[in-house]
Amino acid sequence: MTVEELEQRQTDELDRQRGLENRIYCCTAAGCISSGADRIRQALTDEVKAQGLEGKVEVCGTGCMGLCSRGPLVRTSKDNALYGNLEPSQAAAVVRGAAEDKEKLAPSRLDTSAPFFSKQKKVVLANSGVVDPEKLADYIAAGGYQALAKVITEMSSQEVIEEVKASGLRGRGGAGYPTGLKWELVARQPATPKYVVCNADEGDPGAFMDRSVLEGDPHRVLEGMAIAGYAVGAQQGYIYVRGEYGLAIQRLQTAIKQAERDKLLGNRVLESGFHFRVDLRIGAGAFVCGEETALIASIEGRRGQPRQRPPYPPEAGLWDKPTLINNVETYANIPAILNNGSESFSSVGTATSKGTKVFALAGKINNTGLIEVPMGTTLRTILFDIGGGVPGGKEFKAAQTGGPSGGCIPAEFLDLPVDYESLSKIGSIMGSGGLIVMDNTSCMVDVARFFMEFCMDESCGKCIPCRAGTVQMHDILNRITSGDATEHDMKLLEELAKLLREASLCGLGQTAPNPVMSTLRYFREEYEAHVRDHKCPAGHCSLNGKQGGAK
Amino acid sequence: MSRHQYSGDALIEVLHTAQELYGFLTPDLLKTIARKLRLPPSRVLGVTTFYHFFSLAPKGEHSITVCTGTACYVAGALGLLQTVEKRCHCKSGATSPDGKVSVSAARCIGSCGLAPAVIFDGNIMARVKPEDLSAELDRIGVQ
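First, a word on what this report is: a plain description of the structure on this page.

What counts and how
- Residues numbered from 1 in each chain as written.
- Chains lettered and ligands numbered in written order.
- Predicted model: local features only at pLDDT ≥ 70, side-chain atom pairs only at ≥ 80, totals over all residues.
- Helix = DSSP H or I, 4+ residues; strand = E, 2+ residues; numbered from the N terminus.
- Buried ≥ 20, exposed ≤ 12 C-beta atoms within 10 Å, placed from the backbone.
- Pairing = 2+ DSSP bridges.
- Axes fitted to C-alpha atoms, helices over the stretch in contact; angles between N-to-C directions.
- Contact = placed C-beta atoms within 7 Å.
- Nonpolar A, V, L, I, M, F, W, Y, C, P; charged D, E, K, R; others polar.
- Core = buried A, V, L, I, M, F, W, Y, C linked by C-beta atoms within 7 Å.
- Expected span 1.5 Å × (residues − 1).
- Arc of directions from axis to C-beta.

1. Quick look at the environment of Glu343 of chain A
Residue and element names in this part refer to chain A.
Moving on, step 1. With respect to the helices and strands, Glu343 occurs in helix α16 (residues 342–346).
Moving on, step 2. Take Glu343: there are 10 C-beta atoms within 10 Å of it, and that puts it in the exposed class.
Moving on, step 3. Along the primary structure Glu343 and Asp446 are separated by 103 residues, whereas in three dimensions their C-alpha atoms are 45 Å apart.

2. What about the sheet that holds strand β9 (residues 323–327) of chain A?
Residue and element names in this part refer to chain A.
Moving on, step 1. The strand order β8-β7-β6-β9 describes an open sheet built from four strands, whose pairing is parallel. What marks the edges here is a single partner per strand, and that holds for β8 (277–282) and β9. Averaged over all adjacent pairs, the angle separating strand axes in this sheet is 20 degrees, with direction ignored.
Moving on, step 2. Set on the sheet, helix α15 (residues 328–340) makes contact with β6 (195–200) and β9; between it and β9 the angle comes to about 90 degrees.

3. Things to note about the interface of chain A and chain B
How big an interface is tends to be expressed through the accessible area that disappears when the partners come together.
Moving on, step 1. The interface is formed by 43 residues belonging to chain A together with 35 residues belonging to chain B.
Moving on, step 2. Those elements that place two or more of their residues in the side of chain A that touches chain B are α2 (30–34), β10 (356–363), β14 (434–439) and α19 (444–458) of chain A.
Moving on, step 3. Each residue belonging to the side of chain A that touches chain B can be placed in one class, and the counts come to 16 nonpolar, 19 polar and eight charged.

4. Overview of the nonpolar core
Moving on, step 1. Counting 216 residues, the largest nonpolar core has Leu44, Ile227, Ala228, Val241 and Ala360 of chain A together with Ala117 and Val118 of chain B as its most contacted members.
Moving on, step 2. Non-local contacts of Ala117 of chain B, meaning those with residues more than four positions away in its chain, are made with Cys67, Cys72, Ile109, Ser111, Ile124, Met125, Ala126 and Val128 of chain B.

5. Comments concerning the sheet that holds β10 of chain A
All names here are of chain A.
Moving on, step 1. Spatial strand order, β11-β10-β14-β12-β13: five strands in an open sheet with mixed pairing. The outermost strands of the open sheet, each flanked by one partner alone, are β11 (369–374) and β13 (407–410). Adjacent strand axes in the sheet meet at a mean angle of 30 degrees when their direction is disregarded.
Moving on, step 2. Here strand β12 (residues 396–401) runs beside β13; their pairing, made up of four bridges, is antiparallel. Within β13, the position partnered with Ala398 by the bridge is Pro410.

6. Quick word on the environment of Pro130 of chain B
Residue and element names in this part refer to chain B.
Moving on, step 1. One can find Pro130 in helix α6 (residues 130–139).
Moving on, step 2. When the 18 C-beta atoms within 10 Å are taken as the criterion, Pro130 is described as partly exposed.
Moving on, step 3. When the C-alpha atoms of Pro130 and Gln82 are compared, they prove to be 9.0 Å apart, with 48 residues separating the residues in sequence.
Moving on, step 4. Those residues within four positions of Pro130 in sequence are excluded, and the remaining contacts are Gly79, Leu80 and Thr83.

7. Section: helix α21 (residues 487–503) of chain A
Turn by turn, an α-helix covers 3.6 residues, leaving residues three or four places apart pointing in a common direction.
Residue and element names in this part refer to chain A.
Moving on, step 1. Here α21 contains 17 residues, and its C-alpha end-to-end distance of 25 Å stays within 8% of the 24 Å for a straight helix at 1.5 Å per residue.
Moving on, step 2. Burial in α21 covers these residues: Leu493, Ala497 and Leu500. Viewed along the axis of α21, the buried residues span an arc of 70 degrees, placing them on a single side of the element. Those residues of α21 that are exposed and angled more than 90 degrees off the buried face are Glu487, His488, Lys491, Glu495, Lys498 and Glu502.
Moving on, step 3. Looking at the buried residues of α21, the elements they touch are α20 (464–481), α22 (507–511) and α23 (514–522).

8. A short note on the pairing of strand β1 (residues 22–27) of chain A
Residue and element names in this part refer to chain A.
Moving on, step 1. Strand direction decides the pairing type here: β1 and strand β2 (residues 57–62), joined by six bridges, are parallel. Residue pairing in the sheet places Cys26 in a bridge with Gly61 of β2.
Moving on, step 2. One ladder, built from three bridges, connects β1 with strand β3 (residues 74–76); its direction is antiparallel. Within the sheet, the bridge partner assigned to Tyr25 lies in β3 and is Arg75.

9. Looking at the pairing of β12 of chain A
All names here are of chain A.
Moving on, step 1. Of all six residues in β12, six are buried, a share of seventy percent or more.
Moving on, step 2. Two strands pair when backbone bridges link them, and β12 and β14 are joined in this way by five bridges, in the antiparallel orientation. Bridging across to β14, Ala398 finds its partner in Met438.
Moving on, step 3. Counted between consecutive antiparallel strands, the loop separating β12 from β13 contains five residues, among which Gly402 sits at a positive phi close to 75 degrees.

Now the structure itself:
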C-alpha cells in the first residue's frame, strides 16, 4: 500500500460506515466476554438477519469500553446509547431501536454524561471501544497508520526523536524514564542491527491496562513500534507478551498478519525504503521477565534472569545489540504525539508528568474497569468521581498502586495529584497503572504478606538478598499475621527491608520491600496490634479464626 | 522447530508448541528438543523448570485456575482455592488423585474487574462464589 492508497482506504471505509443506518458495537474484551458478550453479539447478529437489516445495520466487536463491572456492554452509533448488563433477549429491541424499544431498554441504558465518562480523557484508549480490533480497515478509518505515513514521508529520524522528546512522554511501565532520551540513546549507537522490543509482560497483579490496549487496539501498538523502529534505525521488533493473555496474543497475531499483507509492516513499509518486521514472543509465566534484562534473556530462549546493569539495553540488549525497550502504553502514545503534535500532548498533565495515564480500577470499588485520566488528576477524583467510591457503605482505607513494587496510599493523601513525583514522595510508585482499593475490612499486614509471598515465589534466585531475603521477610509477616511475632521481629523486618532495597540485583528485589515499608509507614498501629495484642483490627487475619478470604 | 530454523533462541517457542501438542513435557521429549536445537539437555531442563507455564507431569481432564492476584485476593480468592483443594483432594499445582482435575493458582489473569475470577477449562468465570465452584465440580462428577 502507498500513502495515497492508505488515504483512499480511509475515505472508502468512512463512506461505507456513513452509509450504514446503525452500527452496533459489542465490547469483546476479556472482561465482557466472561460476562457473556459472545452470546450478545451472536444474538444481535441473528436479530439483524431476522429483521432483514443486513447491509443497513452492522454488528461489530470492539476493545474494552471501560466499565467492566457493568459488562457486557453494547453501544449503538445511531443514538450513541450505551447499554450495560444486556441479556440476549434484549437484542431484538436494540436492533429495532424504535421509541417503545428505547423505553423498554431504559433500565439498561448507562448515562454517558456520568463522571465515570466525563472526567476521563482518552488518548491511548481513544480507539478502544470504537474500532474493531480484528479489522484493519476500522483502524485506518480512525486515522490509523497516518502517523507512520507522515513520519516516513516527511520526517527524518532525528526529527521524530525531537518530537517525542518535546512531548515530555515518560515510560509508562512504571519507572518513568523519558522516552525521547531513551530513543536518542539507541539511535546514537553505532552497532547494528538494532532491535525494538515491546514489553507486554504485564505481571503486576491487579493491572490489566496493557492487556486491554493489546486486545482493543493492537494496530496502534504496532504503529508505535514501527515509528520507534524508524527513529532508532531498527528493522526488527519483538513483542514479549504474557502467555496468560490468550486473546491478546490471538489479536496481535491477526493484526501483524493484516499489517504485513498491506505493507504497513515488513519489507518496504508503505513502498518506502524502510523495513520493519514484528514478531511475537510468548512468555511462560515468570514475573521477573518484566525486568528488561530478564526479558531479553527470555526472548533469547534462556531462563529469565536479570543481569547487572550497566550496560543498559540501549547499548547492549538483545544479542548484545542496541535495543529499545518500551512498555505497551508508551508505544500506544506515539501515534497520537506525531499526529497531533507534541504541544497538544504536553498541554495535558503536570509540569513533569505529561499526557494521560491509563489505570485499572479494581478491588473494593463500585466501577471496576479501565480508565484514562490526565496526569495530575487527584486520587479522590479517580476513586470517588470516576470509580464511584467504595461499595456497601464501607470506609475507604487505602489504595494500592504499582503492584508488588508499589505501596499503599492512605486516605490522608486522597487529594494528592497522581504523577510520578508525588507518588514516589509518599513511598509508592506510579507503576504500570493497577489501582486496587481496599476498605476497612482489608488487613494491611495481610496485604503486605500477600505481596511478599508473590515476590518470594517470583524471585528468580540469582542474587541472595532477594532469594533469601524475601523468604525471611515472608516468614516474619506470617508470624505477625498468626500472632506469634515479637517486637524483635518488627526490628528485623525493617532491617531486612533496607537490606533488600540496597543489595538486590534487579528491580524485583529492590522494590520487594516497598509494600512492607509503606504499610509500616502509614499503618504501623496495625502491625503493633498484631504483635502486642494479638489482634487483627480489620478482623481479617487467621488471628480471628478466619483464614483470609472471608468477607 | 523447522519454522525457527532449529535455532536455540527459539527454545521457549518450541516448548510452548510441544506442550500444546502433547499436554505436558516428558523427559524423552525434552531430550529430543535438546538434540534437535543442539542445546545441552541441562539448559532445556533448566528453562523448562524455570517457567511456571511448563508442566512435567500429565494434566487432569479438567483444569481449574483460581486467580490469586491482588484484586481477587481481597475479594476472597483464598476461600475459593481452599474449596477446590478440599473437593479435589490435592494442593494447588497438582492434579486430583483420580486424574480428573488439575488445580492451580494464577498470579493474576488480568480480569481484575471481575474479581474473584476463576479459569475453568479455559473459560473465565466472573465474581465466583465457593458454591458456584462446588456446582461446577459436581457437574463434572467430582466426588
